[in-house]
Every structure is written in C-alpha cells, then in structure tokens.
Amino acid sequence: MWVTEYQTPSLGFSCKATETLRTEQTRFQHLAVVATEQFGKMLLLDGMVMTTDQDEFVYHEMITQVALNSHPAPRQVLIIGGGDGGALREVVEHPEVEEGTLVEIDERVIAASKDFFPQLSCSFDHPKSRIIVDDGIHYIKQQSNRFDIVIIDSTEPVGPAVELFSSSFYKNVYAALKEDGMLVVQSESPFINPDVIKMAFDGVGQAFPLTKLYLASVPTYPSGLWSFTIGSKGYDPEKVINHPDKACRYYTPELHQAAFKLPAFVEQIIRPEK
Ligand code: SAM
C-alpha cells in the first residue's frame, strides 16, 4: 500500500504505508494518520503531509527557534494553527518563554496528535501551555499589545487558512504584538509555491518595518525546501541573542544565521525588481 500526496497536478510524493491508523472527515478537512515505512507515523490533512515522526523536528525547530533566539524577552508566544503540538513543544520548552498559547480551529487535529504523536502532543499538558479551539482569524482581532512572538503554523492558503495569508490579517497580528514583537509565518516552497512566498513576504512587509525570509530542508514537504517569512517591529531576526536549553536536532546558532542566506532564485522571488 502507498500513500501519495499530489503536490501539484503533475507531481506526487509517495511513501510505502503499512497501516491506515485513522481517516475521518472533520468539520474543516479530511484527516488521516498513516504508518509509513520510511518516516514512521504521518499526519495528513486534505491529502497534504502535515508532519511525520521522523522529520517533524526540522520544521518545528525552525518555525520557532529563530524568533525565540533573536528576541530578547519572548515571554508571551502565540501559535495559530499547529494543532499537532510540535511548535508548541519547542515554545514552552524554551527557557525564556512564560506562556505558549495555541489557537487551533480543528479539535480533531489535537485529538489525533494525542492519540498517535506523543512526542508532539506532550506539549498540551505542559504548565506553560494554553490551548484554545478557535479560528485564528477571529481570535487575533480580540488581542492587542499582548504577544512578543506570533507564529502562524497553518496549512497552505486553502479552506480555513486562506485569510491567514492576507495583509489585513498580518495587520491584525501587528496590533496583537507588543511594540517590539515578531511574526513568523510558514510560507511554503520556493520551487512549488513562489506565488505564496511573494504574497506572504509582501503582505508581512506591508505591516512590518523589517521583513526577512529564511529556509529549511523538510524532506516530506513539497520539493524538500521550505520557507519561513519573519516580520519584526525592531530586532534583527538574523542576530542570535538567546539559546534553547536543549540540544536541538536541526537548529544551531550557526544554522540560524545561515538560513537567511538565500539562493539567487529565491532572492528573485521576493525582490524581482533587483
Ligand atoms: N506544518 C504544516 C504545514 O506547513 O502545512 C502545518 C501543520 S498544522 C497541523 C496546520 C493547522 O492549521 C491545521 O491543524 C489546521 O486545522 C490549522 N488551521 C487552518 N486554518 C486555521 C485557522 N483559521 N485558525 C486556526 N487554525 C487553523
């Protein structure tokens, strides 16, 4: 048996599967958990790979540790999406963080993580964690001057996640951040989704005085090369000033800085005028 994600109409990513552990249609999306030979257990939403036992550490360290270690006092951190709990684990285990708030629209994703991904869902019971089931688009409008870091760990811009990539949403995030806050968004693949990267980078750039892009290699995501867009009200996200308490498996202070060194074709995506 093989599980295939059709990353484009003409490109598939297939993994040999040994067992289907769960399939269900939630209020928002189709959810599946599959046991694969190569990557262990795999969570898919609407047929798209969200996370796997074997490579989750790359994405979850890189969407969190860059902002956490370039902001001097990341006390209050908000994650929108991220219902698998991986980003929340990195946040609440960081020594500088006082509280990690997760706002996930689909409680069935949280339930699936609790049932099949203990190394991710361990974060839900952490004393620093606060879990809210809500639409992040609605939740952010009720927040003002509250968070040091906001992380958008969402699905791609389809369904409930579409507005999470809009400039109006980024402006609402700006208002929810303290005067020296930072925003990190997962902004998809330079090879497959240059249009999404441009949309996110321009949208964040309209709201924040400093906007940068950095990359990581995520084997189970389309093309294996992934981007993150970071908007900052002040601090330079390339400057490493903190460090996690633990030895990360992908993130290092040196890699933090190297991740911002972009291939020429990626520079072209975000700054075509150059
Ligand atoms: N790392 C994955 C990626 O890059 O595609 C994302 C993982 S996480 C499972 C994505 C989560 O975003 C899903 O659980 C989905 O339910 C959630 N989500 C989508 N739109 C949302 C919204 N408007 N508010 C809150 N959560 C949302």
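All values reported here derive from a predicted model rather than from experimental measurement. Along each chain, the written sequence defines residue order, and numbers are assigned to residues from 1. Residue-level local features of this predicted model are given only where pLDDT is at least 70; pairs of side-chain atoms are given and counted only at 80 or more, and the full residue set underlies all totals for whole chains, interfaces and linings. Values reported for side chains reflect all heavy atoms of the structure, with hydrogen atoms and water molecules removed beforehand.

### Observations regarding the site of the ligand
- If you check the shell around the ligand, you find 25 residues, and the closest are Q29, E104, D135, G136 and Y221.
- Here G136 contributes a backbone N or O atom positioned 2.9 Å from a nitrogen atom of the ligand.
- We define a polar contact as two N or O atoms separated by no more than 3.5 Å, with the added condition that, inside protein, one atom must be a possible hydrogen donor and the other a possible acceptor, whereas residues neighbouring each other in sequence contribute only through side-chain atom pairs. One nitrogen or oxygen atom from the main chain of P160 is found 3.0 Å from a nitrogen atom belonging to the ligand.
- All accessibility values rest on the Shrake-Rupley procedure with a 1.4 Å probe; residue burial counts only the protein chains present in the view. In the complex, the protein chains occlude 99% of the 600 Å² of accessible area that the ligand would expose alone.
- The set of elements that each furnish at least two residues to the shell around the ligand consists of β6 (76-81), β7 (99-104) and α6 (136-140). Distances are taken per atom, and a residue is near a molecule or strand as soon as one of its heavy atoms is within 4 Å of it. In this text, helices come from DSSP runs of H or I with a minimum length of four residues, and strands from runs of E with a minimum of two, each type numbered from the N-terminal end.

### Points about the pattern of salt bridges
- By definition here, a salt bridge exists when the distance from a side-chain nitrogen of Lys or Arg to a carboxyl oxygen of Asp or Glu is within 4 Å. Summed over the entire model, instances satisfying the criterion amount to 17 salt bridges.
- For K41, the salt bridge goes to D53, with nearest N and O atoms at 3.1 Å. Pair noted here: K41 is in strand β4 (residues 40-45) and D53 is in the loop between β5 (48-52) and α1 (56-62), with a separation of 12 residues, a long-range link.
- Shared partners join several salt bridges into a network, and the residues in it are E56, R89, E90, E93 and K246.

### Details of helix α8 (residues 194-207)
- What a helix should span is 1.5 Å times the count of its residues minus one. A rise of 1.5 Å per residue sets the reference length of α8, with its 14 residues, at 20 Å; its end C-alpha atoms lie 20 Å apart and thus fit the reference within 8%.
- Inspection of α8 places V196, I197, A200, F201, G203, V204 and A207 among the buried residues, and these make up the whole buried set. For α8, the angular spread of buried residues about the axis comes to 165°, placing them on one side. Residues D195 and Q206 are exposed on α8 and point more than 90 degrees away from its buried face. Residue exposure (1.4 Å probe, protein chains only): buried if accessible area is under 20% of the type maximum, exposed if over 50%, otherwise partly exposed. Think of the arc as the fan of directions from the helix axis to the C-beta atoms.

### Quick notes on the nonpolar core
- Of all hydrophobic cores here, the largest spans 33 residues; its most connected members are M62, I151, V184, Y214, F228 and I230.
- Of all the secondary structure elements, the ones that give two or more residues to this core are α1, α2 (65-68), β6, α3 (86-92), β9 (147-153), β10 (177-186), β11 (210-217) and β12 (225-232).
- Those residues in contact with I151 that lie beyond four places of it in its chain are I63, T64, V77, L78, I79, I80, V91 and V184.
- Among buried residues, those of type Ala, Val, Leu, Ile, Met, Phe, Trp, Tyr and Cys that are joined through side-chain atoms within 4.5 Å constitute a nonpolar core. Ranked by size, the runner-up nonpolar core spans 24 residues in total, among them Y170, A176, V196 and V204. Whether two residues are in contact is decided by their heavy atoms: any pair within 4.5 Å suffices.

### A few points about the environment of K246
- In this structure, K246 sits in the loop between β12 and α9 (253-258).
- Here K246 falls in the partly exposed class, since its relative accessible area comes to 31%.
- Taking the C-alpha atoms as reference, K246 lies 8.5 Å from E93; in sequence the two are 153 residues apart.
- There is a polar contact of 2.8 Å between the side chain of K246 and the side chain of E90.

### Some thoughts on the domain arrangement of the protein
- How far each domain reaches was decided by an automatic or database domain assignment. For the protein, the assigned domains read domain 1 (2-52) and domain 2 (56-270).
- Here domain 1 and domain 2 have C-alpha centroids that lie 22 Å from each other.
- Between domain 1 and domain 2 lies a buried interface of about 2100 Å² when both sides are counted; carbon and sulfur atoms form 66% of it.
- Put simply, domain 1 and domain 2 have 2 salt bridges between them.
- Close ionic contact of R22 with D115 constitutes a salt bridge, the shortest N to O distance being 2.7 Å.
- Across the domain 1-domain 2 interface, the total number found is 7 residue pairs in polar contact (both at pLDDT 80 or more).
- Those elements that provide at least two residues to the side of domain 1 that touches domain 2 are β1 (2-8), β2 (11-25), β3 (30-36), β4 and β5.
- Under this grouping Gly is polar, as are all residues other than the nonpolar Ala, Val, Leu, Ile, Met, Phe, Trp, Tyr, Cys and Pro and the charged Asp, Glu, Lys and Arg. Across the side of domain 1 that touches domain 2, the residue classes break down as 13 nonpolar, 6 polar and 4 charged. Computed with a 1.4 Å rolling probe, the buried area is the accessible surface lost when two parts are put together, summed over both parts.

### What to know about the packing of aromatic side chains
- Ring geometry is summarised as follows: Phe, Tyr and Trp rings, the Trp one being its six-membered ring, pair when their centres sit within 6.5 Å, and such pairs are stacked at plane angles under 30 degrees, edge-to-face over 60 and tilted between the two. Within the structure shown, the criterion is met by 9 aromatic pairs.
- The interplanar angle of 70° and the centroid separation of 5.4 Å between the aromatic rings of Y59 and Y221 together place this pair among those described as edge-to-face. Of this pair, Y59 sits in helix α1 while Y221 sits in the loop between β11 and β12, and the two are 162 residues apart along the sequence.
- Y59 sits in the buried class, given a relative accessible area of 4%.
- The exposure class assigned to Y221 is buried, which follows from its relative accessible area of 9%.
- Ring-pair connections join several aromatic residues into one group, and the members of that group are Y59, Y214, Y221, W226, F228 and F260.
- Placement of a charge over a ring requires the Lys NZ or Arg CZ to be within 6 Å of the ring centre, with the centre-to-atom vector within 35 degrees of the ring normal. Over the face of the ring belonging to Y174 we find K233, whose NZ or CZ atom lies 3.9 Å from the ring centre.

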